Amino acid sequence: MNFELTEERQMLQDTLRRFLADKYDVKTRNTILDSESGMSADIWAQLAELGVLGALFGEDDGGFGGAGFDIAVVFEELGRAGVVEPILETCILGGGLVAALGNESQKVLLESVIGGETRLALAHGEPRSRYDLNRVETVFKDGKLSGHKSMVLGAPNADHIVISVRESGEVDSKEGISLFLVPVSELDMRVTPMMGGGMAADIYLDGLALSDDMRLGAAGAAYEHLENMQAAAITAICAQTLGGMENAMALTIEYLKTRKQFGIAIGQFQALQHRMSDMLIEMEQARSAVIGAAGYLEADVRLRDRYASAAKNLMGRAGRLVAEEAVQMHGGIAMTQEYELAHIAKRIIMADHMFGDTDHHLERFIALSAA
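In short, a report on the structure. Model, not experiment: these values are computed from the prediction.

1. Topic: the packing of aromatic side chains
Evaluated as defined, the whole model comprises 2 aromatic pairs. Ring centres 4.7 Å apart and planes at 50° place the aromatic pair Phe140 and Phe180 in the tilted group. Here Phe140 is found in strand β2 (residues 139-141), whereas its partner Phe180 is found in strand β5 (residues 177-183), with 40 residues between them in sequence. Taking relative accessible area as the criterion, Phe140 reaches 9% and is therefore assigned buried.

2. Regarding the environment of Ala294
With respect to the element layout, Ala294 can be found in helix α8 (residues 270-295). C-alpha separation for the pair Ala294 and Met11, spaced 283 residues apart in sequence, amounts to 18 Å. If we ignore the near neighbours within four places in the chain, the residues touching Ala294 are Gly68, Phe69, Ala72 and Thr235.

3. Topic: the layout of surface pockets
In this structure, the largest pocket encloses a volume near 660 Å³. Lining the largest pocket are 22 residues, with Gly125, Arg130, Tyr131, Met151 and Phe355 positioned closest to its centre. Contributing elements (two or more residues each) for the lining of the largest pocket: β3 (144-153) and α7 (223-258). In terms of residue class, the lining of the largest pocket is made up of 12 nonpolar, 7 polar and 3 charged. For the second largest pocket, the calculated volume is near 470 Å³. Every element with two or more residues in the lining of the second largest pocket is listed here: α5 (87-101), α7 and α9 (301-330). Examining the composition of the lining of the second largest pocket, we find that 6 residues originate from one element, α5, more than from any other. Across the lining of the second largest pocket, the residue classes break down as 14 nonpolar, 6 polar and 3 charged.

4. Section: the packing of helix α1 (residues 7-23) against helix α4 (residues 68-81)
With their axes 10 Å apart at the nearest point, α1 and α4 run at an angle of 15° to one another. The angle between α1 and α4 falls in the class roughly parallel. Between α1 and α4 lies a crossing whose hand is right-handed. Contacts between α1 and α4 involve Arg9, Leu12, Gln13, Leu16, Arg17 and Leu20 on the former and, on the latter, Phe69, Asp70, Val73, Val74, Glu77, Leu78, Arg80 and Ala81. Residue composition of the contact of α1 with α4, by class: 8 nonpolar, 1 polar and 5 charged.

5. A word on the nonpolar core
Core analysis: the biggest nonpolar cluster contains 99 residues, and Val74, Phe75, Ile87 and Leu88 have the highest contact counts within it. By residue number, the principal contributor to this core is α7, which donates 18 residues. The contact partners of Val74, leaving out residues within four places of it in the chain, are Leu12, Leu16, Val52, Ala55 and Leu56.

6. So, the pairing of strand β1 (residues 120-123)
Neither face of β1 is open: one carries Leu120 and Leu122, the other Ala121 and Ala123, and all of them are buried. Pairing analysis gives 4 bridges linking β1 to strand β4 (residues 160-166), with the strands arranged parallel. In the sheet register, Ala121 faces β4, and the bridge partner there is Ile161.

7. Re empty space enclosed by the protein
This model, assessed by the stated rule, comprises 4 cavities of 30 Å³ or more. Here the largest cavity defines a volume of roughly 240 Å³. If you trace the largest cavity, you find 21 residues lining it, with Glu89, Gly197, Gln240, Arg347 and Met354 closest to the centre. Of all the secondary-structure elements, those providing two or more residues to the lining of the largest cavity are α4, α5, α7 and α10 (340-351). Residues of the lining of the largest cavity, tallied by class, amount to 14 nonpolar, 4 polar and 3 charged. As a volume, the second largest cavity reaches approximately 80 Å³. Every residue lining the second largest cavity is listed: Ile237, Cys238, Thr241, Lys312, Met315, Gly316, Gly319, Arg320, Ile348, Ile349, Ala351 and Asp352. Mapped onto the lining of the second largest cavity, the elements with two or more residues apiece are α7, α9 and α10. The class makeup of the residues in the lining of the second largest cavity is 6 nonpolar, 3 polar and 3 charged.

Conventions adopted
- Residues numbered from 1 in each chain as written.
- Predicted model: local features only at pLDDT ≥ 70, side-chain atom pairs only at ≥ 80, totals over all residues.
- Heavy atoms only, no water.
- Phe/Tyr/Trp six-rings, centres within 6.5 Å; stacked < 30°, edge-to-face > 60°.
- Helix = DSSP H or I, 4+ residues; strand = E, 2+ residues; numbered from the N terminus.
- Buried < 20%, exposed > 50% of the residue type's maximum accessible area, 1.4 Å probe, protein only.
- Contact = heavy atoms within 4.5 Å.
- 1 Å grid on protein atoms, 1.4 Å probe; cavity = no way out; pocket = protein on both sides within 12 Å on 5 of 7 lines; lining within 4 Å.
- Points joined across faces, edges and corners; volume = space filled by probe spheres on them.
- Nonpolar A, V, L, I, M, F, W, Y, C, P; charged D, E, K, R; others polar.
- Axes fitted to C-alpha atoms, helices over the stretch in contact; angles between N-to-C directions.
- Parallel < 35°, antiparallel > 145°, perpendicular 65-115°, else oblique.
- Left-handed = near helix turned anticlockwise from the far one by under 90°.
- Core = buried A, V, L, I, M, F, W, Y, C linked by side-chain atoms within 4.5 Å.
- Pairing = 2+ DSSP bridges.

In structure tokens:
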């Protein structure tokens, strides 16, 4: 089979890789991480100008991509460079749901999202929901919201947030879940920085009034679209992890070539060569898993979700192995903020806990296969 990128995707990959290599070094990232917002508005604007945000939306929504391999190409490069800007939160989570469910007036937002002027987020997870998409305790009744959304990725830098609510049914029912597009100015948030970069917030909803024209799509019919969003997000986070693993491998190989012990480069020691071989094998399996998830993103729902869960499980295991081995073979330098690997390793490990960890997706894959 031919897994080569199309000419357009190859150009996008090359352009983004050159841009990030030139603009996104360790010093720049550390400055961003130490800032109050945890992101760079200048970098964001330049990414939009390069067309990176537009590559994550379909032509009907004003973009020029949006397919599985478009997502994989972009997020692999973002992962390789350790980019902390909320692109996943804006374009895949919030933006993906607005594109799928928004009416004409709501979809107007997407033009400014692609242009870099507006950022979005999705408030879905709750203190007791863990990884279950169908568990929504936040209630919309008599025109008002009550509930608590926890660890809302990208919320502190968003202009609008898509909020999931329950309008009918039991707390864990797939039916009765709706989405509302709400301006951030209306919300009460408690902000927290995330390990590995990025910002999140807990949102407390106590009697917030919403109008029906803020609803995305039909009342109580959002679950299917949340599943579609999760599949795209899993593809993105797996590709991001793959890019981080490639960077960790490259840094480790370079270090083994230059670090000397007993007068020779430690890369000549057979024990370390064997460990690098194990990492390389895991890398190849990881790349195949990402290709599978991206290739089946538009497939039948059950087949799509099986490939997504298989990829997420494998990326969690392989990513942890590569990150831990890379850190151990580097020694103490790998734990310092001034060295690239420290940030990359954090991003790889933290990615396993987003959208379901290895155990969750192993159980999900088994259930989907049995069904």
